[in-house]
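What the coordinates show
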Amino acid sequence: MPLRPRVLATALVLGSLALGAAMTANAQPQAATTHAMPADGTLLSVSATADARRVPDVATLSTGVVTQAADANAAMRANALQMDRVMAAVRAAGIAERDIQTSGISLNPNYKYIENAAPAIVGYQASNTVNIRVRDLSRLGKVLDTLVEQGANQVNGPSFEVDKPEAAYDEARIAAIKQAQARAQTYADALGMRVRRVVSISEGGAGFPRPMPMMRAMAADAGMARETSVSPGESTLSVSLEVVFELGR
């Protein structure tokens, strides 16, 4: 009986020690967070965009055949025969199989509309379209002309691009980060502060504007056959960054 008060006192001491240890452990993350961002620090968010320019080396275009006939089967058969000639011309022009992709095949009725009467089907239209990539731009004009000569009655494009753009994008990234650093330094100087460190960097979507191609028929003299002339121009590859800096005294 006399020992019970001592046991109780010992339990209270142990409980107090455990509670103190728990409070100390819970306080540590807060101290670390406060240390990560000094009280005298100021965050500055800077946007920067930089460009790299390259001459395109690849062209993409779509081409195909549209045919019409009185019945659906005839429209599809005529389209297949004409499209076979176009595809043979594509392959003969040196376009690799990996650069040829069917993008759409369709068959639709043609209607005749009469007032106060239901539309009547008067025929069918079949369409077959492929996307092709031309890697030798010096032959692009000749490829376009050959496609039309062999029966293609739909041609859209071309659009130009850089086949391996990563080096150009890296060039733009370096220019953008230098621009952001210079801009942060300008703010720091104006405020009588200094740039302490970079807190974060976020890259937005890379932009790749494609110039509008210039296409025209040209001939060296009246005795030569005309050939479609295409000018790829110059493409601009852009990178946008959002950089957060810490400024301080």
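As a reminder, the structure under discussion sits directly above these lines.
Residues numbered from 1 in each chain as written. Predicted model: local features only at pLDDT ≥ 70, side-chain atom pairs only at ≥ 80, totals over all residues. Heavy atoms only, no water.

**With respect to the overall build of the protein**
As a reminder of what qualifies: Only runs of H or I of at least four residues qualify as helices and only runs of E of at least two qualify as strands under DSSP, and these elements are numbered from the N terminus. Note on classification: 1.4 Å probe, protein chains only; a residue is buried when its accessible area is under 20% of the maximum for its type, exposed when over 50%, partly exposed between these limits. Note on contacts: a residue pair qualifies if any of its non-hydrogen atoms lie within 4.5 Å across the two residues. Each accessible area is a Shrake-Rupley estimate made with a 1.4 Å probe; only the visible protein chains count as cover when residues are assessed.
Within the protein, the regular secondary structure consists of four helices and nine strands. Helices (α) and strands (β) of the protein occur, in sequence order from the N terminus, as α-β-β-α-β-β-α-β-α-β-β-β-β. Counting the 249 residues in the protein, one finds 29% classified as buried. Partitioning the intrachain contacts of the protein with sequence separation of at least 6 by distance along the chain shows that 80% fall at a separation of at least 24. For the protein, the accessible area works out to roughly 15,500 Å², and carbon and sulfur atoms hold 56% of it.

**As for the pairing of strand S2 (residues 58–69)**
Which entries qualify depends on this criterion: The pairing criterion for strands is at least two bridges between them, as found by DSSP.
Summarising burial for S2: nine of the twelve residues are buried, a large majority. Judged from the eleven bridges that link them, S2 and strand S4 (residues 120–134) form a sheet pairing that is antiparallel. The partner of Gln-68 across the bridge, within S4, is Gln-125.

**Structural notes on the side chain of Asn-79**
Following the sequence through the fold, Asn-79 ends up in helix H2 (residues 72–92). Not counting chain neighbours up to four residues away, the residues in contact with Asn-79 comprise Val-65, Val-66, Thr-67, Ala-126, Ser-127 and Asn-128.

**Brief notes about the sheet that holds strand S9 (residues 235–248)**
Rule in force here: Interaxial angle, 0 to 180 degrees, is taken between N-to-C directions of lines fitted to C-alpha atoms, where a helix line uses only the stretch in contact.
With antiparallel pairing, three strands are arranged side by side in an open sheet as S1-S9-S6. Both outer strands of the open sheet, strand S1 (42–54) and strand S6 (194–203), are each paired with one neighbouring strand and no more. Between one strand axis and the next, the sheet turns through 30° on average, direction left out of account. Of the pairings in the sheet, the one linking S1 to S9 comprises 13 bridges and is antiparallel in character. Following the sheet pairing, Ser-45 is matched in S9 by Val-244. Sitting on the sheet, helix H4 (residues 166–191) touches S1, S6 and S9, and the angle it makes with S1 is about 145°.

**Some words on H4**
Note the cut-off: Given the number of residues in a helix, its expected span is that number minus one, multiplied by 1.5 Å.
With 26 residues, H4 extends 37 Å from end C-alpha to end C-alpha; this agrees with the ideal 38 Å at 1.5 Å per step. Regarding H4, the residues found buried are Ala-168, Tyr-169, Ala-172, Ala-176, Ala-180, Ala-184 and Ala-188. Turning to H4, the residues buried within the fold contact S1, S6 and S9.

**Quick look at the environment of Tyr-187**
Along the polypeptide, Tyr-187 turns up in helix H4. Accessibility expressed as a relative area gives 44% for Tyr-187, which makes it partly exposed. Here the alpha-carbon distance between Tyr-187 and Leu-44, two residues 143 residues apart in the chain, equals 8.6 Å.

**Structural notes on the packing of aromatic side chains**
Quick reminder of the rule: Aromatic pairing here means that ring centres of Phe, Tyr or Trp (its six-membered ring) are within 6.5 Å. Orientation follows from the plane angle: under 30 degrees is stacked, over 60 is edge-to-face, and everything else is tilted.
Summed over all chains, the structure comprises one aromatic pair. Ring centres of Tyr-111 and Tyr-113 lie 6.2 Å apart, and the angle between their planes is 40°; on these two criteria the pair is classed as tilted. A relative accessible area of 41% places Tyr-111 in the partly exposed class.

**A look at unusual backbone geometry**
Between Gly-157 and the following residue, Pro-158, the backbone shows a cis peptide bond with an omega angle of 0°. Among the secondary structure elements, Pro-158 is positioned in strand S5 (residues 154–161). Of note in the backbone geometry, Asn-116 takes a positive phi value of approximately 65° without being a glycine. Note on placement: Asn-116 falls in the loop between strand S3 (100–112) and S4. Asn-116 sits in the exposed class, given a relative accessible area of 79%.

**Looking at the sheet that holds S3**
The strand order S3-S4-S2-S5 describes an open sheet built from four strands, whose pairing is antiparallel. Only two strands of the sheet have a single neighbouring strand rather than two, namely S3 and S5. Averaged over all neighbouring strand pairs, the angle between strand axes comes to 15°, with direction disregarded. Along the sheet, H2 contacts S2, S3 and S4; its crossing angle with S2, the most-contacted strand, is approximately 150°. Packing of helix H3 (residues 140–149) onto the sheet brings it into contact with S2, S4 and S5, and relative to S2 it is tilted by some 10°.

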